[in-house]
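# Examination of the molecular architecture
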Amino acid sequence: MKKTPISLLPVLVLTILWSCAGNRSNSMNTTATATNTDPIDKKVDSLLALMTLEEKVGQMNQYNGFFDATGPTPQEGNSKTKYEHIQKGWVGSMLNVRGVDEVRAVQKIAVEQSRLGIPLIFGSDIIHGYKTLAPIPLAESASWDLEAIEKSARNAAIEASATGLNWTFAPNVDISRDARWGRVMEGAGEDPYYGSLVAAARVRGFQGDDLSAHNTILACAKHFAGYGFSEAGRDYNTVDINRSTLHNVVLPPFKAAVDANVKTLMNSFNELDGIPATANSYLQRELLKEKWGFDGFVVSDWGSIGEIAIWGAAENLREAAKKAAIAGSDMDMESYAYVEHLVALVKDGEVPESVIDEAAGRILKAKFELGLFDDPYKYCDETREITLIGSEQQNQDALDIAKKSIVLLKNQNNLLPLKKSGQDVLVIGDLADDKNSPLGSWRIGSDNETAVSILEGMKQYDANISYQQGVRLTDANAEFTLEVQVNETDPSGIDAAVQAAKGKDVVVMVLGEHGFQSGEGRSRTDLDLPGLQQELLEAVYAVNKNIVLVLNNGRPLAISWADENIPAIVEAWHLGTQAGNAVAAVLYGDHNPGGKLTLSFPRNIGQVPIYYNYKMTGRPTNLPGAPDDLVFWSHYSDVENTPLYPFGYGLSYTTFDYDQLSLSNQEIGMNDKIEIQVRLTNTGEVAGTEVAQLYIRDKVASITRPVRELKGFKKVSLAPGESTIITFELDQSTLGYYNNDGEYMVEPGTFEIFVGGDSYADLTSSFRLK
Ligand code: BGC
């Protein structure tokens with residue numbers, strides 16, 4: 001790595017200081033110092049002792065990128081203020097400054113012009129890649145491939161760090177059960193067990209084994225907590241969940257991230273128990289920092305400190321700053337609340353200085369761990385920026401996980417895979433010829449129009465396929481405006497598509513949502529195919545039934561009509577840079593799909609929120625002996641209770657059979673393990689990959705438990721006719737749950753188990769825990 005020599009006085013002062021850190025720790029005027037023995041903590045204490053109150057508060061202040069840092073110094077307005085604040089040491093971190101030149105230029109202001117030369121952390125939303133985009137996180141989660149998910153995060157960190165960044169605001173570990181909420185595209189679906197494993201994998205991927213390496217970055221588990229339960233799926237809305245849901249569904253992935261040593265958390269826009277999360281000390285102090293022992297720092301979500309006042313939980317920005325700081329929000333993202341008010345709040349005795357020391361100390365610690373004090377420019381290497389970003393390897397890996405993310409939802413009469421020759425294929429759909437939409441939401445460093453389109457991918461297999469747009473979907477470039485929601489209403493292309501479809505062997509219709517139709521601020525009250533796409537689908541179906549529907553979307557859609565009528569359906573999400581190559585590989589059978597849904601697909605929007613791990617209710621079915629048409633049980637009178645496609649569901653070009661379920665014991669003690677074995681056989685004619693899943697049901701508990709809970713899975717590849725024995729294990733760590741005080745409990749009783757290829761698995765047995 002190219003090192004930039006640090007010859008500047010402020011840094012020299014600090015460097016000398018570190019070497020005698022041990023001697024200085026006793027003179028610290030902070031509560032945290034007396035017992036610090038960790039070398040980094042000692043350095044932090046020594047540095048804190050040198051800092052003015054203003055400088056310590058400065059560490060807690062984060063600004064969005066503000067000007068062309070390599071250009072002239074800003075002379076007026078907000079940019080000038082931010083510039084001057086960096087010079088004064090009143091800024092701890094920047095977001096959305098990226099590119100080696102820009103990062104270096106901004107870092108230089110902090111390092112060379114501020115009194116102590118404390119380097120900045122540079123953060124950004126590297127959600128599913130920087131320039132080379134992997135599938136959106138929801139899609140990746142459908143791979144059930146934790147290694148590939150970890151690698152994807154690793155690759156994102158490699159590209160991000162090569163552009164000067166050292167902090168990503170990811171992973172999003174919000175569990176959500178509501179497809180109306182646009183941000184389901186950013187998470188790992190509805191299940192806390194699986195979501196926890198994915199959270200930990202992503203943290204490992206971003207942070208690697210050595211945070212001080214130049215290609216690892218800080219991860220940020222977000223949004224703490226409950227954001228995925230925004231009421232009615234409307235983004236930023238209030239959240240009203242009970243303690244059992246909080247502890248058993250919402251919090252486990254955060255805890256898993258903390259256990260995986262995540263260095264930062266972001267709090268959330270929502271309130272919890274009537275207290276905005278940013279001002280919530282139960283979450284941030286009691287639980288996160290005290291009970292879980294989290295030693296990193298918490299950043300507010302964008303402006304969320306200011307929003308405490310808008311919620312009506314603080315009189316004004318000053319009171320919001322006080323509440324957030326006391327509640328344990330360590331860094332203020334763009335509210336200006338801390339920088340404007342914290343110093344005065346301390347001086348007026350309203351916020352103890354120890355709160356500032358603690359927060360600033362946590363932030364400084366992360367800077368030491370990143371190695372920024374050794375070399376503030378360690379992420380600024382043009383050679384790495386040129387060679388690593390968008391490399392062949394990055395693209396290969398993105399293609400690999402894109403293929404693994406695809407879920408086959410239906411394949412009647414083996415319409416798929418398509419034949420590589422001899423079939424007359426028509427492709428229809430605006431999204432098929434789109435090089436932008438597959439990139440999905442959150443694309444910090446990628447250029448528009450850089451994905452391989454599905455049409456391009458397919459043409460590599462069959463140059464003769466023809467194409468019809470059908471209907472336009474949206475304005476493809478509307479990243480930050482509502483424009484993208486306005487679907488085209490011009491039906492004039494439908495007729496041409498219908499005419500072209502007549503007599504074709506197969507019609508591949510690529511329909512769904514544009515990449516910006518899901519994501520932050522993109523809630524929907526309608527989960528049907530947007531615009532005129534349903535009309536187009538039905539019109540084409542009227543003349544040609546051999547349709548393969550390829551869905552592009554960032555959330556479950558309600559496609560009951562398609563499920564009833566269309567013979568083949570492929571869930572292809574927004575798969576990133578390599579989307580078209582991945583989809584084509586699946587359509588033409590070079591990759592046998594093995595993905596499984598991690599979020600239930602409803603039959604219609606009225607079923608939402610719908611999820612597999614629901615509670616029994618007192619009336620789950622008609623009462624025994626009651627007439628069949630009795631209405632007094634928990635159901636709808638117009639649609640079944642079940643989802644269209646359940647959690648864990650996904651087909652393959654082959655078939656799998658489960659049998660020979662056996663348990664090592666019928667009864668186990670509290671400290672025992674139980675082994676569950678099942679035989680899995682590939683009963684079809686091609687090799688394939690299956691995700692074998694284990695669910696439990698705790699029959700009777702002090703607090704009601706879900707009808708099923710995922711507690712294990714194995715992803716297995718089998719040749720045609722091949723069988724294997726799969727072994728799962730259960731013990732205390734998987735058989736318990738959290739009570740309403742957040743204490744983990746394991747209770748004796750009967751546990752049912754279910755093994756199979758989705759959450760409706762019907763191979764079952766049971767055992768007792770004594
Ligand atoms: C989002 C966060 C994101 C932040 C910074 C907010 O609006 O909720 O997830 O990290 O902006 O871009």
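Residues numbered from 1 in each chain as written. Predicted model: local features only at pLDDT ≥ 70, side-chain atom pairs only at ≥ 80, totals over all residues. Heavy atoms only, no water.

### Examining the overall build of the chain
A tally of helices and strands in the chain yields 24 helices and 26 strands. Against the compact-globule benchmark of 27 Å for 770 residues, the chain has a radius of gyration of 27 Å, which places it among compact chains. Taken along the three principal axes of its C-alpha coordinates, the chain extends 80 × 65 × 50 Å. Out of the 770 residues in the chain, the part that is buried amounts to 62%. By sequence separation, contacts in the chain at least 24 residues apart represent 78% of the contacts at least 6 residues apart. Charged side chains in the chain number 68 positive and 102 negative. The centres of these two groups are separated by 4 Å. (Helix = DSSP H or I, 4+ residues; strand = E, 2+ residues; numbered from the N terminus. Rg over C-alpha atoms; globule rule 2.2 N^0.38 Å. Buried < 20%, exposed > 50% of the residue type's maximum accessible area, 1.4 Å probe, protein only. Contact = heavy atoms within 4.5 Å. Lys, Arg positive; Asp, Glu negative; His and termini not counted. Charge placed at Lys NZ, Arg CZ, Asp CG, Glu CD.)

### Thoughts on the site of the ligand
Around the ligand, the neighbouring residues are Leu-95, Asp-125, Phe-169, Arg-183, Lys-222, His-223, Met-266, Phe-269, Asp-301, Trp-302, Met-333 and Glu-520. Among the residues forming the shell around the ligand, the class breakdown is six nonpolar, one polar and five charged. (Near = heavy atom within 4 Å. Nonpolar A, V, L, I, M, F, W, Y, C, P; charged D, E, K, R; others polar.)

### Digging into the environment of Gly-189
In this fold, Gly-189 is placed in the loop between strand 4 (167-168) and helix 9 (192-207). With 409 residues separating them in the primary sequence, Gly-189 and Thr-598 have C-alpha atoms 4.8 Å apart.

### With respect to the domain arrangement of the chain
Each domain of the chain was delimited in the assignment, giving domain 1 (27-384), domain 2 (406-588) and domain 3 (656-769). Each of domain 2 and domain 3 was reduced to a C-alpha centroid, and the two centroids are 36 Å apart. (Domains from an automatic or database assignment.)

### Quick look at the packing of helix 20 (residues 492-501) against helix 21 (residues 533-543)
One can describe the packing of helix 20 onto helix 21 by two numbers: an axis separation of 9 Å at closest approach and a directional angle of 30°. As the angle between them shows, helix 20 and helix 21 are arranged roughly parallel. Classified by chirality, the crossing of helix 21 by helix 20 is right-handed. Where helix 20 abuts helix 21, its residues Ile-494, Ala-497, Val-498 and Ala-501 lie against Glu-535, Leu-536, Ala-539, Val-540 and Val-543. (Axes fitted to C-alpha atoms, helices over the stretch in contact; angles between N-to-C directions. Parallel < 35°, antiparallel > 145°, perpendicular 65-115°, else oblique. Left-handed = near helix turned anticlockwise from the far one by under 90°.)

### Quick notes on the environment of Ile-275
Within the secondary structure, Ile-275 is located in strand 8 (residues 275-276). For Ile-275, a relative accessible area of 38% gives the class partly exposed. Each C-alpha atom of the pair Ile-275 and Leu-431 lies 42 Å from the other, and the pair is 156 residues apart in sequence.

### Details of the nonpolar core
Ranked by size, the top nonpolar core spans 141 residues in total, and within it Met-94, Met-458, Val-508, Val-548, Val-550, Leu-575 and Leu-587 carry the most contacts. In this structure, this core is formed jointly by two domains, domain 1 (27-384) and domain 2 (406-588), each of which donates at least three residues. Not counting the four nearest positions on each side in its chain, Val-548 is found in contact with Leu-415, Leu-416, Leu-418, Val-506, Val-507, Val-508, Met-509, Ala-568, Val-570 and Leu-587. Membership of the second largest hydrophobic core comes to 39 residues, among which are Met-266, Ala-320, Leu-342 and Ile-363. (Core = buried A, V, L, I, M, F, W, Y, C linked by side-chain atoms within 4.5 Å.)

### Observations regarding the packing of helix 12 (residues 281-291) against helix 14 (residues 317-327)
Relative orientation of the contacting elements helix 12 and helix 14 amounts to 20°, with a least axis distance of 8 Å. In this view, helix 12 runs roughly parallel relative to helix 14, as classed from their interaxial angle. Within the contact between the two elements, helix 12 uses Ser-281, Gln-284 and Arg-285 and helix 14 uses Ala-325, Ile-326 and Ala-327. Class assignment of the residues belonging to the contact of helix 12 with helix 14 gives a composition of three nonpolar, two polar and one charged.

### So, the packing of aromatic side chains
The tally for this structure, following the rule as stated, stands at 22 aromatic pairs. Seen in terms of ring centroids, Tyr-738 and Tyr-744 are 5.3 Å apart; in terms of plane orientation they differ by 65°. Their pairing is edge-to-face. The exposure class of Tyr-738 is partly exposed, given its relative accessible area of 25%. Each ring, one from Phe-751 and one from Phe-767, has its centre 5.6 Å from the other, and the planes form 15°; the classification is stacked. Taken together, the residues Phe-751 in strand 25 (residues 749-756) and Phe-767 in strand 26 (residues 763-769) connect sequence positions 16 residues apart. For the pair formed by Phe-751 and Phe-767, the shared burial category is buried. Among the aromatic residues, ring-to-ring pairing joins Trp-144, Tyr-194, Tyr-612, Phe-647, Tyr-695 and Phe-713 into one connected group. Positioned over the ring face of Tyr-541 is Lys-545, at 4.3 Å from the centre of the ring. (Phe/Tyr/Trp six-rings, centres within 6.5 Å; stacked < 30°, edge-to-face > 60°. Lys NZ or Arg CZ within 6 Å of the ring centre and 35° of its normal.)

### Focus on the pairing of strand 21 (residues 709-718)
Counting buried positions along strand 21 yields seven of 10 residues, so the element is predominantly enclosed. Where strand 20 (residues 688-698) meets strand 21, nine bridges bridge the pair, whose relative direction is antiparallel. In the strand pairing of strand 21, Gln-693 is matched with Phe-713. (Pairing = 2+ DSSP bridges.)

### Some thoughts on the pattern of salt bridges
Scanning the model with the defined rule gives 45 salt bridges in all. Where Asp-400 meets Lys-404, a salt bridge forms, and the shortest distance between an N and an O atom there is 3.0 Å. In this pair, Asp-400 and Lys-404 are both assigned in helix 18 (residues 392-405), four residues apart and thus about one turn of the helix distant. Taking relative accessible area as the criterion, Asp-400 reaches 31% and is therefore assigned partly exposed. Look at the salt bridges and you will find they share partners, linking Asp-41, Lys-263, Asp-295, Lys-365 and Glu-369 into a network. (Salt bridge = Lys/Arg side-chain N within 4 Å of Asp/Glu carboxyl O.)

### So, the sheet that holds strand 13 (residues 466-468)
The six strands lie next to each other as 11-16-15-14-12-13, forming an open sheet whose pairing is mixed. Each edge of the sheet is formed by a strand with only one pairing partner; in this case those strands are strand 11 (407-411) and strand 13. Strand-to-strand twist across the sheet, computed as the mean angle between neighbouring axes with direction ignored, equals 20°. Sheet topology places strand 14 (residues 506-512) next to strand 15 (residues 547-552); six bridges connect them, and they run parallel. When the sheet's bridge partners are listed, Val-510 is paired in strand 15 with Val-550. Those strands touched by helix 20 are strand 12 (425-428), strand 13 and strand 14, and its axis lies near 165° from that of strand 12.

### Structural notes on unusual backbone geometry
Cis geometry is adopted by the peptide bond preceding His-223, which originates at Lys-222 and carries an omega value of 0°. Here His-223 is to be found in strand 5 (residues 220-224). With an omega of -5°, the peptide bond between Leu-416 and Pro-417 qualifies as cis. Looking at the element boundaries, Pro-417 is found in the loop between strand 11 and strand 12.

### Digging into helix 18
Given a rise of 1.5 Å per residue, 14 residues ought to cover 20 Å, and the 20 Å separating the end C-alpha atoms of helix 18 matches this to within 8%. Those residues of helix 18 not exposed but buried are Gln-394, Asn-395, Asp-397, Ala-398, Ile-401, Ala-402, Lys-404 and Ser-405. (Expected span 1.5 Å × (residues − 1).)

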